[in-house]
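Each chain, written out:
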Amino acid sequence: MPLTDQTGITRIIWRGLVSMRLALFLLLFIAGVAVVGTLIPQGNPPAFYQYAYGSWRAGIIRFFQLNSVFRSGVFLVPTFLLTISLLACVADRWRPAWRQVSTYHYRYHEEDYTGITTSKSLVTANPRETLAALVAACRRRHYRAFTEVREERLYLYADRGRCGVLGSLLTHLSVVLIVTGGLYSGLAGFGGYVNIPAGATVAIPRAGFAARLDAFRIDYYSDGTPKQYYSTLTVVDAGREVEQRVIAVNSPLTYKGVTLYQAGYGWAVDGVLKIQGREIQFTAPDRETIPLTGDLRLKAVFYPDYVTDPAGHPGSRSSRPANPRVGYFLLQGEKVISYSLVGLNEPLAAGNGLILTFTGYRQYTGLKVTHDPGIPVVYAGAAFLLLGLCLSFYVRRRQIWGMVIPAEGGCRVLLAGAAPRQPAGLAGELEELLEEPLMGAAVPAKKL
C-alpha cells in the first residue's frame, strides 16, 4: 500500500478516535450494558437463569455473557475503545492547550484591537509612566503582565486564569485513569473470606503470607448486643512474625497490598475423631462443613447457652458460653451417617467404629481479604477529576492587550481583552484600568 494511502487511513482512524460522536456513542452503549447488568442478577449458576427466564432467554443471556456483564467482552471492549478515544483526545489537544498556557503575544497594529475594546487619550501623560501604571494595575488584579517597546510604541500583554484551559484535558485524563485502575483491579486483584480460630495460624489465600489470631474481644451494649469486636492479628511471612495489629470494624490491616477487614466472628468447636486406631484432630467453625478424612465430612452447630423452645427445638439464650452444647452431622459422601446433640468431652460412638469427641470451643474471627492494586490509580484519577472540574468551572481565563502610542502633549492608550465566559465583567475592568489615579488628567476618546 502506498505511503500516501497509509497516511490517509491513519488520518481517518485518528479523526474517528478524537470524534465526540464516537465518545458519546461508546458512553451510551456502556451505560446501556451497565443497566442490563444491574437488571439481570450476576454470577449465578446456569440453572438459576434457566428457571428464572426460561430456556431461550437463558440461552441468550449465556451467549452474550449477560450473567457476567462486567467481565464480558460486550462491556470490556467498548470500555477499552472509550479509554483509547479519551487518550487520543488528550494527545490531540494537549499541545495547543499547553501553547495557550506557556506562550503569549502582543497586538502590534491598531486594527488588531477588536473584541472587547476601549481607548482613551491621556494629555500631559508620560508614555512609560502610563505603561508602568497599567502594569501595576493589572498585577493588583492578579494578572501576570509583560511589556515590550517597539518602534517607539509600548505594548502590554496581561492574563490570569491561564491554567483553566487545562481543565477539560485533566477531566478526560481522569476518566482514563479511573477506568484503567478499575480494569487493573479486576484483572490482577482478588478477594475472599477466611475464618481464623483463636490461637490458630491460617494462610491467606493468594496473598503469600499467613495470619495468626492471638486474641479476640467483643464489647457489648447494656442490653447484651455486640457493640464492637476486635482481633489481635500477627502477620507471619516466610515463617517470621513481621507485624502485629489490633483490627476492628472500619480499622483494617494492610500488608503487601492485601487488606484484612474485620467482617464477622463466631464460634469454632475443637474435637477428635478416632478411626481405625488413629486420631484425627479438627476445628470446625459453627455451621460450616469441613473435611475429615477420605469422604468423611463434619458439620457442627454450637449452642453457647443451650436451651430448647416449647416445641423442643434447640437454641441459645445468649451469645455467651454459659451452657454449651454441640449438635453435629457426620456425612460420608452425601449421606448422613450420624447426628446428635452432645456436651463437651463426651465420647460418642458414631457407627462404623468411629468415636467422636468434642473437646472444647473457641471464638474465631471472620476476615474479608481484598487486594485492589488499581486503587492508587483510581485515587489519582479522582484527584485529576476534581482538579479538572475546579479548573473548568472556577478558573476563568482573561487576556488583556494594550498599546501606548506617544502623541503630542501626552499619549493615547488602546486596550482590548478576551474573556469567553464573562465579557461584560472584562469590559468594566478595562474601563477601570484607564481610570487609575496615576494616569493623570484624561480626555476621553470615543470607543472603538
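Here, every reference points to the structure presented above.
For clarity, every value in this text was computed on a predicted model and none was experimentally measured.

A. Focus on the overall build of the chain. If you tally the helices and strands in the chain, you get nine helices and 22 strands. Rg of the C-alpha trace for the chain: 37 Å, well past the compact-globule value of 22 Å for 448 residues, more than 25% over. Its C-alpha atoms give the chain principal-axis dimensions of about 120 × 65 × 50 Å. The burial tally for the chain puts 40% of its 448 residues in the buried class. Long-range contacts, defined as pairs at least 24 residues apart, comprise 59% of the intrachain contacts of the chain with a sequence gap of at least 6. Looking at the chain, you have 45 positive and 32 negative side-chain charges, and the mean spots of the two groups are 4 Å apart.

B. Region of the structure containing the pattern of salt bridges. Overall, the coordinates contain 17 salt bridges when judged by the stated rule. The shortest N-O distance in the salt bridge between Arg-144 and Asp-159 comes to 2.6 Å. With Arg-144 in strand S2 (residues 144-150) and Asp-159 in strand S3 (residues 153-160), this residue pair connects regions lying 15 residues apart in the sequence. The burial state of Arg-144 is the same as that of Asp-159; both residues are buried. Arg-297 is the salt-bridge partner of Glu-334, the closest N and O atoms lying 3.7 Å from each other. Linking Glu-334 in the loop between strand S16 (325-332) and strand S17 (335-342) with Arg-297 in strand S13 (residues 296-303), this pair joins segments that are 37 residues apart in sequence. Within this structure, Arg-141, Arg-398, Glu-429 and Glu-432 form a network of salt bridges that share partners.

C. Quick peek at the packing of helix H3 (residues 46-53) against helix H4 (residues 55-63). Where H3 meets H4, the axes come as close as 7 Å, and the angle between the chain directions of the two elements is 135°. Of the possible angle classes, the one that applies to H3 and H4 is oblique. The two elements H3 and H4 meet at a crossing, and its hand is right-handed. Along its contact with H3, which presents Pro-46, Tyr-49, Gln-50 and Tyr-53, the element H4 presents Ser-55, Arg-57, Ala-58, Ile-61 and Arg-62.

D. Main features of the nonpolar core. Grouped together as the largest cluster of nonpolar side chains are 22 residues, with contacts concentrated most on Ile-400, Leu-415 and Leu-433. Contributing elements (two or more residues each) for this core: helix H6 (127-140), S3, strand S20 (398-407), strand S21 (410-418) and helix H9 (423-433). Among the elements that line this core, the one with the most residues is H6, at five residues. Judged by nonpolar contacts, the second largest core, of 21 residues, contains Ala-284, Ala-300, Tyr-328 and Leu-356.

E. Examining the sheet that holds S17 more closely. Across the sheet, which stays open at both edges, the four strands sit in the order S12-S13-S16-S17 with antiparallel pairing between neighbours. Single-partner strands in this sheet number two, and they are strand S12 (289-293) and S17. Each strand axis lies, on average, 25° off the axis of its neighbour in the sheet, ignoring direction. With seven bridges joining them, S16 and S17 adopt antiparallel strand pairing. Note that in S17 the partner of Tyr-328 across the bridge is Ser-340.

F. Spatial organisation of the packing of aromatic side chains. Under the definition given, this model contains 22 aromatic pairs. Taken together, a centroid distance of 5.2 Å and an interplanar angle of 85° make the contact between Phe-48 and Tyr-49 edge-to-face. Classification of Phe-48 by relative accessible area gives partly exposed; the value is 31%. Plain terms: the ring middles of Trp-94 and Trp-98 are 5.9 Å apart, the flat faces sit at 10° to each other, and that makes the pair stacked. On the criterion of helical spacing, the pair formed by Trp-94 and Trp-98 is a turn pair, its members being four residues apart in helix H5 (residues 73-102).

G. Fine view of H9. Of all the positions in H9, only Leu-426, Glu-429, Leu-430 and Leu-433 are classed as buried. For H9, the angular spread of the buried residues around the axis is 100°, confining them to a single face.

H. Spatial organisation of the packing of H5 against helix H7 (residues 167-188). Where H5 meets H7, the axes come as close as 9 Å, and the angle between the chain directions of the two elements is 150°. The pairing of H5 with H7 is recorded here as roughly antiparallel in orientation. When you trace H5 past H7, the crossing you get is left-handed. The segment H5 lies against H7, with Leu-76, Thr-79, Thr-83, Leu-86, Leu-87, Cys-89, Val-90, Arg-93, Trp-94 and Ala-97 engaging Leu-169, His-172, Leu-173, Val-175, Val-176, Val-179, Thr-180 and Leu-183. Here the contact of H5 with H7 is composed, by residue class, of 13 nonpolar, four polar and one charged.

Analysis parameters
- Each chain carries its own residue numbering, running from 1 in the direction its sequence is written.
- Local features are withheld for residues below a pLDDT of 70 in this predicted model, meaning they are given only at 70 or higher, and side-chain atom pairs are given and counted only at 80 or more; totals for whole chains, interfaces and linings count all residues.
- The basis for the side-chain values is all heavy atoms of the structure; hydrogens and waters are excluded.
- In this description a helix means any DSSP run of H or I spanning at least four residues, a strand means any run of E spanning at least two, and both kinds are numbered starting from the N terminus.
- Two things to know: the radius of gyration comes from C-alpha atoms, and the globule rule equals 2.2 Å times the number of residues to the power 0.38.
- For every residue, the accessible area (1.4 Å probe, protein chains only) is compared with the maximum for its type, and the residue is labelled buried under 20%, exposed over 50%, or partly exposed between those bounds.
- The contact rule is simple, with two residues in contact once any of their heavy atoms fall within 4.5 Å.
- In this tally, Asp and Glu contribute negative charge and Lys and Arg positive charge; neither His nor the terminal groups of the chain are included.
- The atom standing in for a charge is NZ when the residue is Lys, CZ when it is Arg, CG when it is Asp and CD when it is Glu.
- For this analysis, a salt bridge means a side-chain nitrogen from Lys or Arg found within 4 Å of a carboxyl oxygen belonging to Asp or Glu.
- Axis geometry follows a simple rule: fit a line to the C-alpha atoms, using only the stretch in contact for helices, then measure angles between N-to-C directions, giving values from 0 to 180 degrees.
- For classification purposes, angles smaller than 35 degrees are called roughly parallel, those larger than 145 roughly antiparallel, those between 65 and 115 roughly perpendicular, and all remaining angles oblique.
- Note: crossing handedness is left-handed where the near helix turns anticlockwise from the far helix by less than a right angle, and right-handed where it turns clockwise.
- To define a nonpolar core, start from buried Ala, Val, Leu, Ile, Met, Phe, Trp, Tyr and Cys residues and group those joined through side-chain atoms within 4.5 Å.
- Whether two strands pair depends on DSSP finding at least two bridges between them.
- Stacked, edge-to-face and tilted are the three classes for Phe, Tyr and Trp ring pairs, Trp counted by its six-membered ring, which pair at centre distances within 6.5 Å; planes under 30 degrees apart are stacked, over 60 edge-to-face, the rest tilted.
- The reported arc concerns the directions from the helix axis to the C-beta atoms and nothing else.
- Just so you know the grouping, Ala, Val, Leu, Ile, Met, Phe, Trp, Tyr, Cys and Pro go in nonpolar, Asp, Glu, Lys and Arg go in charged, and all remaining residues, Gly too, go in polar.

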